[in-house]
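Reading the structure
The primary structure of each chain is shown beneath.
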Amino acid sequence: QVRLAESGGGLVQPGESLRLSCKASQRISGEGDMAWYRQAPGMQRELVAKISRGGRETYADFAKDRFTIIKGDGKATLALRMNMLKEQDTGVYFCNIVGAWNDFNYWGQGIQVTVSS
């Protein structure tokens, strides 16, 4: 079974930037939407950004103009560039890839992002 693994998380100060990457254990074919989700302590998992097979990007209000979702960055399957980070961005970030015909739904284990002074 295909497994996704996130990397690039860690501790940063407010206003700084961070880049998350998501790599698959195997080559993925027939992918549809690719997305990043996050989950803050005590909160439900929420969509951060997604990109369709055709390249259409969608962002949550809190991510608009600060975050950028990137597909096919080197060996990474998916990446998320985060600028002007706020303490409220703290949480566990997950990558997600679904099949173009909903024939699969892969999730990463999640990676911690902490924004604090």
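This text goes with the structure placed above it.
Residues numbered from 1 in each chain as written. Predicted model: local features only at pLDDT ≥ 70, side-chain atom pairs only at ≥ 80, totals over all residues. Heavy atoms only, no water.

Section: the overall build of the chain
Quick note on the threshold: Helix and strand labels come from DSSP, where a helix needs a run of H or I of at least four residues and a strand needs a run of E of at least two; each type is numbered from the N terminus. Two residues qualify as a contact provided that any one of their heavy atoms is within 4.5 Å of a heavy atom in the partner residue. Residue-level accessible areas treat just the shown protein chains as cover; the underlying method is Shrake-Rupley with a 1.4 Å probe. Here Asp and Glu are counted as negative and Lys and Arg as positive; His is not counted, and neither are the chain ends. Each charge is placed at NZ for Lys, CZ for Arg, CG for Asp and CD for Glu.
Secondary structure summary: the chain contains zero helices and 11 strands in total. Seen in sequence order, the chain has helices and strands lined up from the N terminus as β-β-β-β-β-β-β-β-β-β-β. For the chain, the spread of C-alpha atoms along the three principal axes comes to 40 × 30 × 25 Å. A sequence separation of at least 24 residues applies to 53% of the contacts in the chain between residues at least 6 apart. For the chain, the exposed surface amounts to about 6700 Å²; the carbon and sulfur share of it is 45%. Averaging the positions of the 15 positive and the 12 negative side-chain charges in the chain gives two centres separated by 5 Å.

Looking at the side chain of Asp89
The condition that has to hold: To sort residues, take the accessible area from a 1.4 Å probe on protein chains only and compare it with the maximum for the residue type: under 20% means buried, over 50% means exposed, and anything in between is partly exposed. Two N or O atoms count as a polar contact when they lie within 3.5 Å, although within protein this holds only if one can serve as hydrogen donor and the other as acceptor, and sequence-adjacent residues are included solely when both atoms are side-chain atoms.
Here Asp89 shows up in the loop between β8 (78-82) and β9 (91-99). Judged by relative accessible area, Asp89 falls into the buried class, the value being 2%. A polar contact is formed between the side chain of Asp89 and the side chain of Arg38, at a distance of 2.9 Å. Once you skip the residues sitting within four places of it in the chain, Asp89 turns out to touch Arg38, Phe62, Arg66, Phe67, Met84, Val113 and Val115.

Structural notes on the environment of Met43
Examined against the element boundaries, Met43 turns out to sit in the loop between β4 (31-39) and β5 (46-51). Overall, the relative accessible area of 55% leaves Met43 in the exposed class. Remark: the alpha-carbon pair of Met43 and Gly91, spanning 48 residues in sequence, is separated by 9.4 Å.

So, the pattern of salt bridges
Counted only if it meets this: Only one rule defines a salt bridge in this text: a Lys or Arg side-chain nitrogen within 4 Å of an Asp or Glu carboxyl oxygen.
By the definition in use, this model includes four salt bridges. Linking Arg53 and Glu31 is a salt bridge whose minimum nitrogen-to-oxygen distance equals 3.9 Å. One end of the pair, Arg53, is in the loop between β5 and β6 (57-59); the other, Glu31, is in strand β4, and 22 residues separate them in sequence. For Asp89, the salt bridge identified is with Arg66, shortest N-O distance 2.8 Å. With Asp89 in the loop between β8 and β9 and Arg66 in the loop between β6 and β7 (67-71), the pair connects residues that are 23 residues apart, well separated along the chain. Within the structure, one salt-bridge network assembled from shared partners comprises Arg38, Glu46, Arg66 and Asp89.

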